[in-house]
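Residues per chain, in single letters:
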Amino acid sequence: MRKQVLSILVENTPSVLSHVAGLFSRRGYNIDSISAGVTADPRVTRITIVTSGDELILEQIEKQVEKLEDVLHVVLLYPEASVQRELMLVKVAAKTADRQTVLSISDIFHGKVVDVTHDSMVIEVTGTQDKLQSFLDMLDGYEILELARTGLTGLTRGLDDVYFVD
């Protein structure tokens, strides 16, 4: 079983995200992470999906996605040939005595404290999924009150896979 990241360019129309996600649910494929947003061209939305399966399943997923009516272009994002990032917000229970240690851990991961109250801190961390997991591992021993993740997004390096809509 391995993970695969698909970068899917679709027409920016109502319910297109539902159509793409629906394909996964109809076929019983798993979505580990999904993010979507409009591109520099307002007619086009980029959907980034992280999925997992064996080689046959991953090949089928790619083929089935490419067949969808609203899909313009599909690219597989390989770690060595792409830039991939995820945003995570973590609310940590932190009294005055714990704040400096939590802040030090946050600094190591280039995290940014975006909110502080008397009993908690919200930290924003951006990076690869491995980096975010390492950050969470370092917070072991601190109570994580809430956690929100955007899902992975990414782009290929260079110009080879750039797609322009006519």
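Structure first, text after, so check above.
Residues numbered from 1 in each chain as written. Predicted model: local features only at pLDDT ≥ 70, side-chain atom pairs only at ≥ 80, totals over all residues. Heavy atoms only, no water.

Peer 1: Explain the pattern of salt bridges to me, please; I cannot follow it from the model alone.
Peer 2: Between side chains of opposite charge, pairing is possible as soon as their charged atoms come close. Under the criterion given, the structure shown has five salt bridges. Of the charged contacts, one joins Lys 63 and Glu 59 as a salt bridge, the two residues approaching to 3.1 Å between their closest N and O atoms. One end of the pair is Lys 63 and the other is Glu 59, both in helix 2 (residues 55-67) and four residues apart, which spans about a single turn. Classification of Glu 59 by relative accessible area gives partly exposed; the value is 40%. (Salt bridge = Lys/Arg side-chain N within 4 Å of Asp/Glu carboxyl O. Helix = DSSP H or I, 4+ residues; strand = E, 2+ residues; numbered from the N terminus. Buried < 20%, exposed > 50% of the residue type's maximum accessible area, 1.4 Å probe, protein only.)

Peer 1: Help me out: how do you make sense of the sheet that holds strand 1 (residues 2-11) in this one?
Peer 2: Think of a sheet as strands paired side by side through backbone hydrogen bonds, with each pair either parallel or antiparallel. In space, the four strands of this open sheet follow the order 2-3-1-4, with antiparallel pairing throughout. For this open sheet the edge positions go to strand 2 (31-38) and strand 4 (71-77), each flanked by a neighbour on one side alone. In this sheet, neighbouring strand axes are inclined to one another by 20 degrees on average, regardless of whether the strands run parallel or antiparallel. In the sheet, strand 2 pairs with strand 3 (residues 44-53) via seven bridges, with the strands oriented antiparallel. Within strand 3, the residue paired with Ile 31 across the bridge is Thr 51. (Pairing = 2+ DSSP bridges. Axes fitted to C-alpha atoms, helices over the stretch in contact; angles between N-to-C directions.)

Peer 1: Looking at this model, I keep getting lost on the layout of surface pockets. Mind explaining?
Peer 2: Over the atoms rolls a probe the size of a water molecule, and in doing so it shows where empty space is left. Taken as a whole, the largest pocket encloses approximately 390 Å³ of empty space. What lines the largest pocket is a set of 19 residues, and nearest its centre among them are Val 5, Pro 79, Gln 84, Gln 129 and Leu 152. Elements supplying a minimum of two residues to the lining of the largest pocket: strand 1, strand 5 (82-93) and helix 4 (129-138). Looking at the lining of the largest pocket residue by residue, the class counts come to seven nonpolar, five polar and seven charged. In this model, the second largest pocket occupies a volume close to 310 Å³. (1 Å grid on protein atoms, 1.4 Å probe; cavity = no way out; pocket = protein on both sides within 12 Å on 5 of 7 lines; lining within 4 Å. Points joined across faces, edges and corners; volume = space filled by probe spheres on them. Nonpolar A, V, L, I, M, F, W, Y, C, P; charged D, E, K, R; others polar.)

Peer 1: Before we go on, may I ask you to explain the nonpolar core in this structure?
Peer 2: Generally speaking, soluble globular proteins have nonpolar side chains that are buried together. In this structure, Ile 8, Val 10, Val 20, Phe 24, Ile 61, Val 65 and Val 71 are the most contacted members of the largest nonpolar core, which totals 17 residues. Contributions of two or more residues to this core are made by strand 1, helix 1 (16-27), strand 3, helix 2 and strand 4. Take this core: its biggest share by element is four residues, from helix 1. Counting 14 residues, the second-largest nonpolar core is a separate cluster that includes Met 88, Ala 94, Val 102 and Leu 139. (Core = buried A, V, L, I, M, F, W, Y, C linked by side-chain atoms within 4.5 Å.)

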